[in-house]
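Letter by letter, the chains look like this.
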Amino acid sequence: MARAPLLRIGKLCKSFAAPVLTDIDLAFDTGEIVALTGENGAGKSTLSKLIAGLISPDSGEMLLGGERFSPRSRVDAERSGVRMVLQELSLVGTLSVAENLQLGAIPHRFGFIDRDAMNARARAQLALLGLDSIDPELPVSELGIGQQQLVEIARGLSGDVKLLILDEPTAMLTAREVEELFRQLALLRGRGVTIVYISHRLDELQRIADRVVVLRDGRLACDRAMAEVSHDEIVRMMVGHDVHEDEDRPRRASGRELLRVANFSGGLVRDASLAVHAGEILGLAGLVGSGRTELLRLIFGADQKSTGDLWLGGRPARIRNPTDAVAQGVGLLTEDRKSQGLLLGQALAMNLTIAHLSTVSRKGWIDGGGEERTAQQWKQRLRIRSKDSAQHVDELSGGNQQKVLFARWLHRDCQVLLLDEPTRGVDIGARADIYAELDALAKAGKALLVVSSDLRELMTLCDRIAVMSAGTLVQTFERGEWTEQALLAAAFSAYAQTMNMATDKAAS
Amino acid sequence: MKQALGLPLALLALVVGFGLTSEYFLTRDTFIAIANDIPALTVMAVGMTFVLIIAGIDLSIGSVLALSAGLTAVAMQSWGWNLPGAATLGLACGLFCGTLTGAVTVAWRLPSFIVSLGMLEIARGSAYLVTDSRTQYIGGAIGGLSTPLWFGISPAFLLALAIVVASHIVLRKSVFGRYLVGIGTNEEAMRLAGIDPRPWKVIVFALMGSLAALGGLMQLSRLEAADPNAGVGMELQVIAAVVIGGTSLMGGRGSVLNTFFGVLIVAVLEAGLAQIGASDPAKRVITGCVIIVAVLLDVYRNRRKRG
């Protein structure tokens, strides 16, 4: 194409604590659909937020239609015709569809809302996405989740749109809605709108996109025409060629079965079965939103399962709530440590002993000296850095906070430990300490089930890795059997199936 | 521990200030009057400290006080019950009201603000029904609780003091107290640590109800009568004293000892302002200002510590 691109990005860099994006060079043409993909944490959302003005780059520049483009806010970017539809819904449930679509620019006369004008504009906007069937006067909360997402996208189309960024737009949509969305996106492209389409679902990307951009570890790994690359090639580029893993370590010797779950369903999770043995670390891989966290919470009794049986140490067991779980030697290290783990504003020692106060108390009275000794002991063993054991946990670094929570469950001496992203937001030093401690736990005969988005972490730690995809456990790999590509392919597999089913349905 | 010193200093400043402005303030009579005036407020403030620590609130305590006192009086006057029986009935009534508030709050996950607001009306209405909307005079029947022992100090005051000390130790040193602080700090984290918060929360409201009933008995013995209008607005006075003592309305932080200082500050302010001849409206304005300043100081102290 000889014409100048709509948006040109040059040498764009962004760091938070560590570099997230490095030297990104890209150009987007008028009227094309560009697929943006990569592993969790590759920098996809950072890049799109930079373009949409939600955050500012550290260095580098962007040109929009040949002119310097450095939006200072989302509103600023929207004025230039660059819009982003975020993955999380930001609609106000109690307001009508029309009000939501024009929030911030509701037509009014003498200070009163001009309802007719508002509804007419809303209808026009909905028609752009073929959503003529949605009544603009309905409160948003009465729509299904898929329709809400479509309304959210329609909101992105208000005003003069040149570039539209969609972040996982089909996550909540039914097959039929996906088809309709794709048809309308093709029409938008025909009208000269450039669309950046972020998704994990490679099959969708291959159907809709003209070009594919892959990010890996914050760098550009690929920028090619979609027709030129195969599904497998994309996966390989997401992972990178240097697939290094700790292959020399043999599988740990595992003992008797400590945890077995059969046919667990509830929430996202459908019919999941797995077993973990003494001395073994079982990894649970999968994309964000594939149901990994939900499965751990169902096992722990934090959420209610609809069906499923459970055995602990070979015997049938019942876990109705976390109290049951802990009493029977099952612990859960939660993913979100601030809201679900830590007692912020309280002392390190209190955070550490809370799940097992009987060890530091007698007849209902806390033994202060005993508690202090316990805290010191764990502080030393896990190398937790703090002034003293009375220091409040909010003053500790993320890595040390995680170690405190980890110590809470070590102190409880659980036979089965469920760990959800145990090294999230943890620096490299603390990460190595946690790995060593997990290894020691396995050697001490505990059964560990570890969820992580970092495949390399799982490949280093685990003896087996089970892969979840779209709420089901699709495949389990033994140590030595797996490759990063095979794991990733399995993580995508159930989404591909639903996609195929959708296309079949649409065709028939 | 600056926090521990701030409140006694504020109290001292008030006493010295009133001592300088009124020649009658620094007398034995003033202090005895204060000591015999505060037992009901004190025991209820102790209960409220526990309630606020679990991030709850109980607005019904003034009504529960009136209902329990009324029931005790009626049992003695009209049904001919003896004192221990009637007093036990009053306490059981408070225990029941508190347990009900707590159980409904927990079972349906409702805000305790709303449930206790409902209980406020229910208990007040019941107090009118039980007493037939008339003040019940019981004469000196349970005067023993308020009859001065030594130096004019009543048993009620000593009982309140004992409850303060015991509750302080329970909150600081017991597993129960530890759980309450944890629940008020992060209820979900406690649940996921294997500690079911629900029974503990019910116990706290049950305790609050019982202490409100005890406050009712203390008033009954002092006034020798149960007025169905007793304790109107008292919940706010109690919450004010607890908040002045530095307990957080957001839960997870508080001290019974500091609550006691809060009660003393409110009581000294009240007595002192009366002695220097402040009108009732002026007293209320000044008390209101003190509450806001106390909370501001608390917020400021926290921000500085975090920042």
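Small disclaimer: the values here were computed from a predicted structure and weren't measured.

Caption draft 1: Inspection of the interface of chain B and chain A at higher detail. Facing 23 residues of chain B, the contacting portion of chain A comprises 31 residues. In total, about 2000 Å² of surface goes out of reach between chain B and chain A, with carbon and sulfur atoms giving 59% of it. B:Arg178 is paired through a salt bridge with A:Glu371; the nearest N and O atoms lie 2.8 Å apart. Looking at which element gives the most residues to the side of chain B that touches chain A, the answer is helix 8 (residues 175–185) of chain B, with six residues. Considered class by class, the residues forming the side of chain B that touches chain A number ten nonpolar, six polar and seven charged.

Caption draft 2: The arrangement of the environment of A:His411 in detail. Residues and elements named next belong to chain A. By secondary structure assignment, the location of histidine 411 is in helix 14 (residues 398–412). Residue classification places histidine 411 among the buried residues on the basis of a relative accessible area of 12%. Through-space distance from the C-alpha of histidine 411 to that of threonine 359 is 9.1 Å; in sequence the pair is 52 residues apart. A polar contact is formed between the side chain of histidine 411 and the side chain of threonine 359, at a distance of 2.8 Å.

Caption draft 3: Molecular detail of the sheet that holds strand 16 (residues 307–312) of chain A. Residues and elements named next belong to chain A. Strand order in this open sheet of four strands is 14-13-16-17, and the pairing throughout is antiparallel. What marks the edges here is a single partner per strand, and that holds for strand 14 (269–277) and strand 17 (315–316). Pairing analysis gives six bridges linking strand 13 (residues 257–266) to strand 14, with the strands arranged antiparallel. When the sheet's bridge partners are listed, glycine 266 is paired in strand 14 with valine 269.

Caption draft 4: Fine view of the sheet that holds strand 12 (residues 219–225) of chain A. Residue and element names in this part refer to chain A. Reading across from one edge, 6-9-10-3-11-12 is the order of the six strands in this open sheet, with mixed pairing throughout. The open sheet has two edge strands, strand 6 (82–85) and strand 12, and neither has a second partner. Going across the sheet, the axis of each strand differs from the next one's by a mean of 15 degrees, ignoring polarity. Here five bridges tie strand 3 (residues 33–38) to strand 11 (residues 211–216), and the two strands are oriented parallel to one another. From the neighbouring strand, alanine 35 faces strand 11, where its bridge partner is valine 212. Against the sheet, helix 1 (residues 44–51) makes contact with strand 3, strand 6, strand 9 (163–167), strand 10 (194–198) and strand 11, and its axis sits at roughly 140 degrees relative to strand 3, the strand it touches most. Sheet strands touched by helix 5 (residues 145–156): strand 6 and strand 9. Its angle to strand 6, the strand with the most contacts, is close to 170 degrees.

Caption draft 5: Geometry of the UniProt feature "transmembrane region" (unreviewed entry) in chain B. All names here are of chain B. Feature annotation in UniProt assigns "transmembrane region" (unreviewed entry) to the following positions: residues 43–74, 86–110, 149–171, 200–218, 230–249, 256–276 and 282–300. Between the end C-alpha atoms of residues 149–171 there is a gap of 30 Å, over a span that is 74% helix and 0% strand. End C-alpha atoms of residues 230–249 are separated by 26 Å, and the span's content is 55% helix alongside 0% strand.

Caption draft 6: Fine view of the pairing of strand 3 of chain A. All names here are of chain A. Within strand 3, six of the six residues are buried, which leaves it mostly tucked inside the rest of the structure. Going residue by residue along strand 3, you find Ile33, Ala35 and Thr37 tucked away on one face and Val34, Leu36 and Gly38 tucked away on the opposite face as well. Of the pairings in the sheet, the one linking strand 3 to strand 10 comprises four bridges and is parallel in character. Its bridge partner being in strand 10, alanine 35 is matched across the sheet by tyrosine 197.

Caption draft 7: Spatial organisation of helix 1 of chain A. Residue and element names in this part refer to chain A. In terms of residue burial, helix 1 counts as a mostly covered element, since six of its eight residues are buried. Where helix 1 is concerned, the buried positions are Lys44, Thr46, Leu47, Ser48, Leu50 and Ile51. Positive phi shows up at glycine 53, right after helix 1, with a value of about 85 degrees.

Caption draft 8: Representation of a nonpolar patch on the surface in the model. Taken together, the side chains of B:Leu5, B:Leu9, B:Leu12, B:Val16 and B:Leu20 present a nonpolar region at the surface, about 540 Å² in accessible area. Positionally, B:Leu12 belongs in helix 1 (residues 2–21).

Caption draft 9: Structural view of the environment of A:Ser290. Residue and element names in this part refer to chain A. Structurally, serine 290 can be placed in the loop between strand 15 (280–285) and helix 9 (292–300). Spatially, the C-alpha atom of serine 290 lies 4.7 Å from that of alanine 470, the residues being 180 residues apart in sequence. When near neighbours in sequence (up to four residues on either side) are disregarded, serine 290 contacts Leu268, Met468, Ser469, Ala470, Gly471 and Tyr495.

Caption draft 10: Quick look at the packing of helix 8 of chain B against helix 10 (residues 197–223) of chain B. Residues and elements named next belong to chain B. Remark: helix 8 packs on helix 10, axes separated minimally by 10 Å, with the N-to-C direction vectors making an angle of 105 degrees. Taken as axis vectors, helix 8 and helix 10 run roughly perpendicular relative to one another. Listed contacts from helix 10 to Phe176, Tyr179, Leu180 and Ile183 of helix 8 are Pro197, Trp200, Lys201, Ile203 and Val204. Looking at the contact of helix 8 with helix 10 residue by residue, the classes come out as eight nonpolar, no polar and one charged.

Caption draft 11: Layout of helix 7 (residues 155–173) of chain B. Residue and element names in this part refer to chain B. Along its 19 residues, helix 7 runs 27 Å from first to last C-alpha, staying within 8% of the 27 Å computed at 1.5 Å per residue. Those residues of helix 7 that fall on the buried side of the exposure criterion are Pro155, Ala156, Phe157, Ala160, Ile163, Val164, Ser167, His168 and Leu171. Tucked into the core, helix 7 has its buried residues touching helix 2 (28–37), helix 3 (39–53), helix 8, helix 10 and helix 12 (256–275).

Calculation criteria
- Residues numbered from 1 in each chain as written.
- Chains lettered and ligands numbered in written order.
- Predicted model: local features only at pLDDT ≥ 70, side-chain atom pairs only at ≥ 80, totals over all residues.
- Heavy atoms only, no water.
- Contact = heavy atoms within 4.5 Å.
- Buried area = accessible area lost by both parts, 1.4 Å probe.
- Salt bridge = Lys/Arg side-chain N within 4 Å of Asp/Glu carboxyl O.
- Helix = DSSP H or I, 4+ residues; strand = E, 2+ residues; numbered from the N terminus.
- Nonpolar A, V, L, I, M, F, W, Y, C, P; charged D, E, K, R; others polar.
- Buried < 20%, exposed > 50% of the residue type's maximum accessible area, 1.4 Å probe, protein only.
- Polar contact = N/O pair within 3.5 Å; in protein donor to acceptor, adjacent residues only side chain to side chain.
- Pairing = 2+ DSSP bridges.
- Axes fitted to C-alpha atoms, helices over the stretch in contact; angles between N-to-C directions.
- UniProt positions renumbered as here; feature names shortened; annotations may be inferred.
- Patch = residues over 30% accessible without salt bridge, like charges linked within 9 Å, V, L, I, M, F, W, Y side chains within 5 Å.
- Areas by Shrake-Rupley, 256 points an atom, 1.4 Å probe, with all protein chains shown as cover.
- Parallel < 35°, antiparallel > 145°, perpendicular 65-115°, else oblique.
- Expected span 1.5 Å × (residues − 1).

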